[in-house]
Amino acid sequence: MLVKSRPSVSGLLVGLGRRSLDNFRDTMQIAKRRFATRPARYPNILWSVWVLVWVLLTATAFVRLDTPAGMLRDQWSPGFVHLADFFTQFGLGGWYLIPSALLLVVSNLTDWRSLSRRSLMLAYNWTCLAFLVLGAVGLSGLAVNVLKYAIGRARPLYFDQFGVLALHPFAFDARFAGFPSGHATTMGAVFGVALLLFPRRWYIALAITACIASTRIFVGAHYPSDTVAGFGLGCAFALACGLAFARLGFIFRPMPSGLPVRKATFRLIAPRRKD
């Protein structure tokens, strides 16, 4: 009587490694092929208008709000500051990057060929969403960290010492890492992703993300102009990622204007089967 031997741990790891490599190669081949066959339509996006509005809003916040914010940083009630400090934690990039990265790891180790069509579409949509969030939040996070240390603006916690506009470029000191706000950039990216996926509910997404971004002012970590600049930066990165995804055909398709619109097939919950 023959006894079937169980696969060894090393054999399982080798199999997972091969599957992961195959999935990665397949993904890269699909992206490369689609980029090569689908022309870019990015010029239809008025980036100059976006930049102008972003700069004007940031400048307005700097002129009108930064000095009062610096003077009032110790005037907020302890309860309000405690509440703001709680909600400001949701502006940390880890809340969005870690689940997305874990989902991509699981996706990369999945045997896609064994899935049913229904499960395949569901897994595909969740994987695309993870890529979108990782791109929007991750890339904007890298950009804002380069900018804030290159600019070196003092935080409002040191308003009495340095004033509203004290720049120490490349000081690599947390005291001089105020502009733009990293938390606000993350919230801008989250808003941008929500805007692309649920354009009819943009006001709900804006209210939530803007409120979380504004908590950086009340905890004394950033000036209003820091948060406005960061929010706009994150939103721009999300839109850029949406444009790239539309060209690839992931989640979105390009409209005649060049703007991405969500595909009807993008669903994160499997539809109920009809009896």
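Refer to the structure printed above.
As a starting point, this report considers the structure included with it. Note that this is a predicted model, so its numbers are computed, not measured.

1. Things to note about the pattern of salt bridges
Next up, step 1: In the structure shown here, the tally under the stated rule is five salt bridges.
Next up, step 2: Between Asp-66 and Arg-153 there is a salt bridge, with the nearest N and O atoms lying 2.8 Å from each other. With Asp-66 in helix 3 (residues 66-71) and Arg-153 in the loop between helix 6 (117-151) and helix 7 (159-162), this residue pair connects regions lying 87 residues apart in the sequence.
Next up, step 3: Residue Arg-153 is classed as buried on the basis of its relative accessible area of 3%.
Next up, step 4: Across the salt bridge formed by Arg-175 and Asp-173, the nearest N and O atoms sit 3.0 Å from each other.
Next up, step 5: For Arg-175, a relative accessible area of 31% translates into the label partly exposed.
Next up, step 6: Residue classification places Asp-173 among the partly exposed residues on the basis of a relative accessible area of 23%.

2. Things to note about the nonpolar core
Next up, step 1: The biggest cluster of nonpolar side chains holds 31 residues, and the ones touching the most others in it are Leu-132, Val-193, Leu-197, Ile-251 and Phe-252.
Next up, step 2: When contributions to this core are tallied by element, the ones reaching two or more residues are helix 6, helix 8 (182-197), helix 9 (202-218) and helix 10 (224-248).
Next up, step 3: Aside from chain neighbours lying at most four places away, what touches Leu-132 is Val-193, Cys-241, Gly-242, Phe-245, Ile-251 and Phe-252.

3. Thoughts on unusual backbone geometry
Next up, step 1: Omega for the bond connecting Phe-179 with Pro-180 falls within 30 degrees of zero, at -10 degrees, which places this linkage in the cis form.
Next up, step 2: Mapped onto the secondary structure, Pro-180 falls in the loop between helix 7 and helix 8.
Next up, step 3: Positioned with a positive phi, Phe-170 is a non-glycine residue whose angle comes to about 55 degrees.
Next up, step 4: When its relative accessible area of 53% is taken as the criterion, Phe-170 is described as exposed.

4. A look at the side chain of Ser-181
Next up, step 1: Mapped onto the fold, Ser-181 is located in the loop between helix 7 and helix 8.
Next up, step 2: Ser-181 gets classed as buried once you look at its relative accessible area, which sits at 0%.
Next up, step 3: From its side chain, Ser-181 meets the backbone nitrogen of His-183 in a polar contact 3.5 Å long.
Next up, step 4: Every residue in contact with Ser-181, bar those within four places of it in the chain, is listed here: Val-144, Arg-216, His-222, Asp-226, Thr-227 and Gly-230.

5. Focus: helix 9
Next up, step 1: In this model, helix 9 (17 residues) spans 25 Å end to end at C-alpha, consistent with the 24 Å of a helix rising 1.5 Å per residue.
Next up, step 2: Looking only at helix 9, the buried set comprises Ala-205, Thr-209, Ile-212, Ala-213, Thr-215, Arg-216 and Ile-217.
Next up, step 3: With its phi angle positive at about 80 degrees, Gly-220 sits one or two positions after the end of helix 9.

6. A look at the packing of aromatic side chains
Next up, step 1: Summed over the entire model, instances satisfying the criterion amount to 15 aromatic pairs.
Next up, step 2: Ring centres 5.0 Å apart and planes at 85 degrees place the aromatic pair Trp-76 and Phe-218 in the edge-to-face group. Within this pair, whereas Trp-76 is found in the loop between helix 3 and helix 4 (78-88), its partner Phe-218 is found in helix 9, the two being separated by 142 residues in sequence.
Next up, step 3: A relative accessible area of 33% places Trp-76 in the partly exposed class.
Next up, step 4: Their ring planes at 85 degrees and their centres at 6.0 Å tell us that Trp-202 and Tyr-203 sit as a pair that is edge-to-face.

7. A look at a nonpolar patch on the surface
Next up, step 1: A cluster of nonpolar side chains, contributed by Leu-195, Trp-202, Tyr-203, Ile-204 and Ile-208, occupies part of the molecular surface with about 470 Å² of accessible area.
Next up, step 2: When residues in the nonpolar patch are grouped by element, the largest group, four residues, is from helix 9.
Next up, step 3: Inspection of the secondary structure assignment puts Ile-204 in helix 9.

Rules used throughout
Residue positions are counted from 1 within each chain, in the order its sequence is given. In keeping with the model being predicted, local features are shown solely for residues with a pLDDT of at least 70 and side-chain atom pairs are shown and tallied solely at 80 or more, while totals for entire chains, interfaces and linings include all residues. Calculation of side-chain values draws on the structure's entire complement of heavy atoms; hydrogens and water are dropped beforehand. A carboxyl oxygen of Asp or Glu within 4 Å of a side-chain nitrogen of Lys or Arg is what we treat as a salt bridge. Secondary structure elements are taken from DSSP: a helix is a run of H or I of four residues or more, a strand is a run of E of two residues or more, and numbering for both begins at the N terminus. In this scheme, a residue with accessible area under 20% of its type's maximum is buried, one over 50% is exposed, and one in between is partly exposed, where area comes from a 1.4 Å probe on protein chains only. The term nonpolar core refers to a set of buried residues drawn from Ala, Val, Leu, Ile, Met, Phe, Trp, Tyr and Cys, joined through side-chain atoms within 4.5 Å. Pairs of residues are marked as contacts when any of their non-hydrogen atoms sit within 4.5 Å. Here a polar contact means two N or O atoms within 3.5 Å. Within protein one must be a hydrogen donor candidate and the other an acceptor candidate, and residues neighboring in sequence count only if both atoms are side-chain atoms. Take the residue count of a helix, subtract one, and multiply by 1.5 Å to get its expected span. Between rings of Phe, Tyr and Trp, where Trp is taken as its six-membered ring, a pair exists when centres lie within 6.5 Å; planes separated by under 30 degrees are stacked, by over 60 edge-to-face, and by other angles tilted. Note on patches: the residues involved have over 30% relative accessible area and no salt bridge, like charges join within 9 Å, and the nonpolar side chains Val, Leu, Ile, Met, Phe, Trp and Tyr join within 5 Å. Areas reported here follow the Shrake-Rupley algorithm with a probe of radius 1.4 Å; residue values treat only the protein chains shown as occluding.

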